[in-house]
Structures are given as C-alpha cells and as structure tokens.
Amino acid sequence: TELAPTMDRVLRTARDRGSLIIHAPSDCMDHYKDAPGRLRAIATPKAKALPAEIGAWCYKIPNEEKGTYPIDQTDGGEDDDPNEHAEWAKKLADMGRNPKLPWKQQTDLLTIDPDRDYISANGEEIWSILEQKGIKNVVLLGVHLNMCVLGRPFGLRQMAKNGRNVVLMRDMTDTMYNPARAPYVNHFAGTDLMVEHVEKFVCPTVTSDQILGGKPFQFKDDKRPGVAMILADDEYKTEASLPAFASSSLLKDYRVDYLIGLEGDRATIGGVNQLEDADVLLVSARRRVLPKAQLDAIRAFVDSGKPVVGIRTASHAFAPRGNAKPEEGHSAWPEFDAQVLGGNYHGHHDDGPKVAIELAPGSESHPILKGVDATKLVGNGSLYKVSPLAKTATTLLLGSIPGQPSEPVLWVNAPEGKGRVVYTSLGQKDDFSSPDFARLLRNAMDWSLARD
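Residues numbered from 1 in each chain as written. Predicted model: local features only at pLDDT ≥ 70, side-chain atom pairs only at ≥ 80, totals over all residues. Heavy atoms only, no water.

**Section: the overall build of the protein chain**
Right, so step 1: Regarding its fold elements, the protein chain presents 12 helices and 16 strands.
Right, so step 2: On the principal axes, the C-alpha backbone points of the protein chain span a range of 80 × 55 × 40 Å.
Right, so step 3: Buried residues in the protein chain amount to 50% of all 452 residues.
Right, so step 4: Within the protein chain, residue pairs in contact and separated by at least 24 positions form 75% of the contacts whose partners lie at least 6 positions apart. (Helix = DSSP H or I, 4+ residues; strand = E, 2+ residues; numbered from the N terminus. Buried < 20%, exposed > 50% of the residue type's maximum accessible area, 1.4 Å probe, protein only. Contact = heavy atoms within 4.5 Å.)

**Brief notes about the environment of Asp-277**
Right, so step 1: Summarising the element assignment, Asp-277 is placed in the loop between β7 (255–260) and β8 (280–285).
Right, so step 2: When its relative accessible area of 25% is taken as the criterion, Asp-277 is described as partly exposed.
Right, so step 3: A distance of 3.3 Å separates polar atoms of two side chains, one belonging to Asp-277 and the other to Lys-215. (Polar contact = N/O pair within 3.5 Å; in protein donor to acceptor, adjacent residues only side chain to side chain.)

**Looking at the side chain of Arg-312**
Right, so step 1: By the element assignment, Arg-312 lies in the loop between β10 (308–311) and β11 (330–331).
Right, so step 2: Lacking a salt bridge, the buried Arg-312 has Asp-351 as its closest oppositely charged neighbour, with an N-O distance of 5.6 Å.
Right, so step 3: There is a polar contact of 3.3 Å between the side chain of Arg-312 and the side chain of Tyr-236.
Right, so step 4: A polar contact of 3.4 Å, which involves the side chain of Arg-312, links it to the side chain of Tyr-384.
Right, so step 5: Each residue touching Arg-312, except ones within four places of it in the same chain, is listed here: Tyr-236, Gly-381, Ser-382, Tyr-384, Tyr-423, Thr-424, Ser-425, Leu-426, Gly-427 and Gln-428. (Lys, Arg positive; Asp, Glu negative; His and termini not counted. Salt bridge = Lys/Arg side-chain N within 4 Å of Asp/Glu carboxyl O.)

**Describing the state of the cysteines**
Right, so step 1: Applying the stated criterion to the full structure yields 0 disulfides.
Right, so step 2: Between Cys-58, a free cysteine, and Cys-203, which holds the nearest cysteine sulfur, the sulfur-to-sulfur gap is 12 Å.
Right, so step 3: Classification of Cys-58 by relative accessible area gives buried; the value is 5%.
Right, so step 4: The class for Cys-203 is buried, based on a relative accessible area of 5%. (Disulfide = S-S within 2.5 Å.)

**Let's talk about the pattern of salt bridges**
Right, so step 1: Overall, the coordinates contain 21 salt bridges when judged by the stated rule.
Right, so step 2: Lys-46 serves as the salt-bridge partner of Glu-124, at 3.5 Å between the closest nitrogen and oxygen. One end of the pair, Glu-124, is in helix α4 (residues 123–133); the other, Lys-46, is in the loop between α2 (36–42) and α3 (82–94), with 78 residues separating them in the sequence.
Right, so step 3: Taking the relative accessible area as the measure of exposure, Glu-124 reaches 31% and is therefore partly exposed.
Right, so step 4: For Lys-46, a relative accessible area of 59% puts it in the exposed group.
Right, so step 5: A salt bridge links Asp-113 to Arg-116; the nearest nitrogen and oxygen atoms lie 3.2 Å apart.
Right, so step 6: Classification of Asp-113 as buried rests on a relative accessible area of 14%.

**As for the pairing of strand β14 (residues 393–400)**
Right, so step 1: Two elements, strand β12 (residues 355–359) and β14, share 4 bridges in a ladder whose sense is antiparallel. Residue pairing in the sheet places Ile-357 in a bridge with Gly-399 of β14.
Right, so step 2: Two strands pair when backbone bridges link them, and β14 and strand β15 (residues 407–413) are joined in this way by 6 bridges, in the antiparallel orientation. Bridge pairing links Thr-395 to Trp-411 in β15.
Right, so step 3: What sits between the antiparallel neighbours β14 and β15 is a turn of 6 residues, in which Gly-403 has the positive phi angle 80 degrees. (Pairing = 2+ DSSP bridges.)

**So, the nonpolar core**
Right, so step 1: Ranked by internal contacts, the top residues of the largest apolar core, which has 67 residues, are Leu-156, Met-159, Met-229, Leu-242, Ile-368 and Leu-397.
Right, so step 2: Once you skip the residues sitting within four places of it in the chain, Ile-368 turns out to touch Leu-396, Leu-410, Val-412, Val-422, Leu-440, Asn-443, Ala-444 and Trp-447.
Right, so step 3: Residues Ile-230, Ala-278, Val-308 and Tyr-423 belong to the second largest nonpolar core, which totals 33 residues. (Core = buried A, V, L, I, M, F, W, Y, C linked by side-chain atoms within 4.5 Å.)

**Notes on the packing of helix α9 (residues 238–249) against helix α12 (residues 435–448)**
For any two helices packed against each other, the geometry comes down to the angle between their axes and how far apart the axes lie.
Right, so step 1: Here α9 crosses α12 at 75 degrees, and the two axes come no closer than 11 Å. In terms of orientation, α9 and α12 fall into the roughly perpendicular class. On α12, the residues touching Leu-242, Phe-245 and Ser-249 of α9 are Ala-438, Leu-441 and Arg-442.
Right, so step 2: Of the residues belonging to the contact of α9 with α12, the class tally is 4 nonpolar, 1 polar and 1 charged. (Axes fitted to C-alpha atoms, helices over the stretch in contact; angles between N-to-C directions. Parallel < 35°, antiparallel > 145°, perpendicular 65-115°, else oblique. Nonpolar A, V, L, I, M, F, W, Y, C, P; charged D, E, K, R; others polar.)

**Description of the pairing of β12**
Right, so step 1: With 2 bridges connecting them, β12 and strand β13 (residues 378–379) associate as antiparallel partners. By the bridge assignment for β13, Ala-356 is matched with Val-378.

**Comments concerning the side chain of Thr-268**
Right, so step 1: Position of Thr-268 relative to the elements: it lies in the loop between β7 and β8.
Right, so step 2: With relative accessibility at 15%, the residue Thr-268 sits in the buried group.
Right, so step 3: At a separation of 2.9 Å, a polar atom in the side chain of Thr-268 contacts the side chain of Gln-294.
Right, so step 4: Residue contacts for Thr-268: discarding those within four places in its chain leaves Ile-260, Gly-261, Leu-262, Arg-288, Leu-290, Pro-291 and Gln-294.

**Notes on the packing of aromatic side chains**
Note on aromatic pairs: each is described by the distance of the centres and the angle between the planes.
Right, so step 1: Tallying each qualifying case throughout the model produces 10 aromatic pairs.
Right, so step 2: Summarising the aromatic geometry, the rings of Phe-318 and Trp-333 are spaced 6.4 Å apart at their centres and angled 15 degrees between planes, so their arrangement reads as stacked. Of the two residues, Phe-318 sits in the loop between β10 and β11 while Trp-333 sits in the loop between β11 and α11 (336–341), which places them 15 residues apart along the sequence.
Right, so step 3: Judged by relative accessible area, Phe-318 falls into the buried class, the value being 0%.
Right, so step 4: Since its relative accessible area comes to 4%, Trp-333 is described here as buried. (Phe/Tyr/Trp six-rings, centres within 6.5 Å; stacked < 30°, edge-to-face > 60°.)

**Quick notes on helix α1 (residues 4–16)**
Right, so step 1: Over its 13 residues, α1 extends 18 Å from the first C-alpha to the last, a length consistent with the 18 Å expected when each residue adds 1.5 Å.
Right, so step 2: For α1, every residue scored as buried is listed here: Ala-4, Thr-6, Met-7, Asp-8, Val-10, Leu-11, Ala-14 and Arg-15.
Right, so step 3: Where α1 is buried, its residues contact β1 (22–23), β3 (137–142), β4 (165–173) and α8 (209–212).
Right, so step 4: Directly beyond the C-terminal end of α1, a positive phi value near 105 degrees is found at Gly-18. (Expected span 1.5 Å × (residues − 1).)

Structure representation (structure tokens):
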C-alpha cells in the first residue's frame, strides 16, 4: 500500500514515454484470463530461439558463486507477529481463501492500461514479447527482491544471464526477511544488503527519481540516519573499500547512498541530489573541480549545520592542482580543508615508511576512540603534512615516521555555524583491513550525529 502509489507513477510516466509495461502478478493468471493485456500476451508468437530454462525459476547464476548470499531466508522471510499472523490466517480461511496462497490479483493500486500493457507470469511468453518488440533494455520493479524479482523465469537472473540489458529499480522493491535471522539487521537493512548483492553479482540498479524527478522512495518506518558517501579519489580505491565498510559496519543502523566520481571524468559526481536526504556526509574525493550546481549542493549541505566526516584525500577534495583555474561553469573549493575540516594540508612525506600511530595527549576518553586499540593502528600511506591545525580543531591521534616531526592524523573540528566534523588522513586501501580502523570510522559516524 505504501510502495504502490509511487510505483504506479513510475509505470504511468514510463508508459507515456513509450515504454512497454508487462505486469507479472504471481499465481493469479485466472483472474486475467479475459483481460486485453492477457490475451495480447497469449497471442504473441513464440520466439524462435528461446533460451534454455527460460520457463523455470533461476536460483543462482555463476557470477553469484563469487560471493555469499547476504541474508538467511530459510524461514521464507516470515517476520510477522505470531498472534497477528494467526488472526489474519483465520480471517482468510473464513473468507474461503488458502492462507498460504490467498491473493487473487495484482493490487488495484497499479494501473493496467488495457490498450497497451501486457499481463504474463510465463517466462517463455515474456521472452517472446521482448523478442517480438525488439526490446533489449529491461527495468524490473516490484516485490519481493529476494524472491520473485530475482528468481522468477523473467526475473533479474534470467534476464542478465541471457543477455538483456537489465536493471533493478532498487527503491521500488522490498525483501521478505526476518530480522531474527542472520545477519540480524532490521528489515530495511536486509533490503539494502540484497540490493548490494544484486549490484555486485547480477546487474546494475537505478532509482525511481531518475524517471520521476524529485527524491527516491523511502518507506516511512525506515528511520535510519542517512549517510551520503562521495567516492571520487581515483587513488586509494575507496569506491571498493568504503562500500565494503558500509556493508559490514553501517547498514544495520544507517541508510547509505553513494555519490560516485565517474572514471575518466574529474569534473562531475553522480547522485548529488541524494544529499537532500542525507544526515551526514562522508567525503573521499581528490582534486575534483565540479559543475557549479554540484559544488553548491555540497556547500549547502555543510552550511546547513549537518556533520561531515573526511578521510585521506578529503583534505584536497575540491582543490585543483597548482594554480589551475576551473573551466567555465565549474567551481573549486580549495578552502574546504581549512574552512570545514580545520586542516592545513600542504603536501606529504615520501611513500615507504609505515606511519606509527599514538594517542594525542588527553584524547584517551574521546568517544571516537572507544574500543579502538591505537597501538594496533598503522598508516599504510604517506604521512600528510598538516600542522598547524585550525584553533577550532582538537587532535586525537598523532602519526610519525623516522626522522620527521609527528603530525595529526585524526582530529575533530568545530567550525562556527557548522555541524560536527571529523577528519583522518588514514584511509589508504590497506588501512581498511584493520578492525580498529573500521571501529574508529564507525565511531566517527556515530559521534558526528551525536549517537555516541
């Protein structure tokens, strides 16, 4: 009921732009036996070359062997309250319905256009429709991602393995998952983990706002704070390490969106509109000179008083190299380091020596260091030259290499009129293999939102 109105807007808009809409409600084709869309599907000539097993469920494709399925759904995803479930089952039985298969039609909140849409739950029929229409690009949306959307004969796996350009509309889906089962996260985090699984091993994803404008859909009971991560450093592979960190350390308690710097294009970051729904911004970017509108959105987020966490090259995230001037329509923000992070980046020492880490005097009880063994931390990248910090900054960790003065490697900042700020020059790829660094970064997210 909550998802369907936005889904219907997606269907209406896509239909009006020329997309073909196929409705595939489970186990209820009898209801539609005389519907124009059903007759249209039945009348479609069978494709001459049907892929093997296109009429069957697909439980796994070879690419999924590279990873581990993220949730335990062996109970069928059953997370109902037992008393509520029993009461509902009795009501269904009194109505003459099978409590285990009670539905008779697709929700009427979704519009079926009698003149244009198709209705089919048959893999061979749907493949034949796509072949007849010459359709190569397919968007799947609906419920449930870990069941029908992924595994049906026309689902993501079958479309992907048989060569269609398929994407999942990730905010127009849901999972059947019981939080009492592994990995013991809430329902919405379970959906996020399934979406991540699809993105890694099956196909890319999109969101409804890419068709409708505005913002992606969000369930009203998903109260997790939102983290927006700018991933655009081009050097330390945080486009891999930060999502892995988020999956293991954040998704249980946070929503996470990624704002991606495009490879080979240093002048744009995708998804900046997602900042509107974010509660904290994590920056991992390096020398990005952005379209003015994109940088203005980042400035507006900072000026709103929301917190910022920066790692490694965030100290020169929006600073062009040397005195280079931005091209027309683009903007730089070299003062981001001093104005927001409270830093003073002016280069780094030579690569090679590991950076020894120690507590700064008086920092032992800071919440960001709770449960962190600083003696087990080590900097695997070059030591940044950042001294002296702003007067509003407080150093928590110091780093040193032989023959050079120590430098702050972790600090918090309290810029006037801004939210809480955390910065660490740690964040090189190998740093993420340390459980203590992961704990530190998770603590930093919590502290920035006063969740400590």
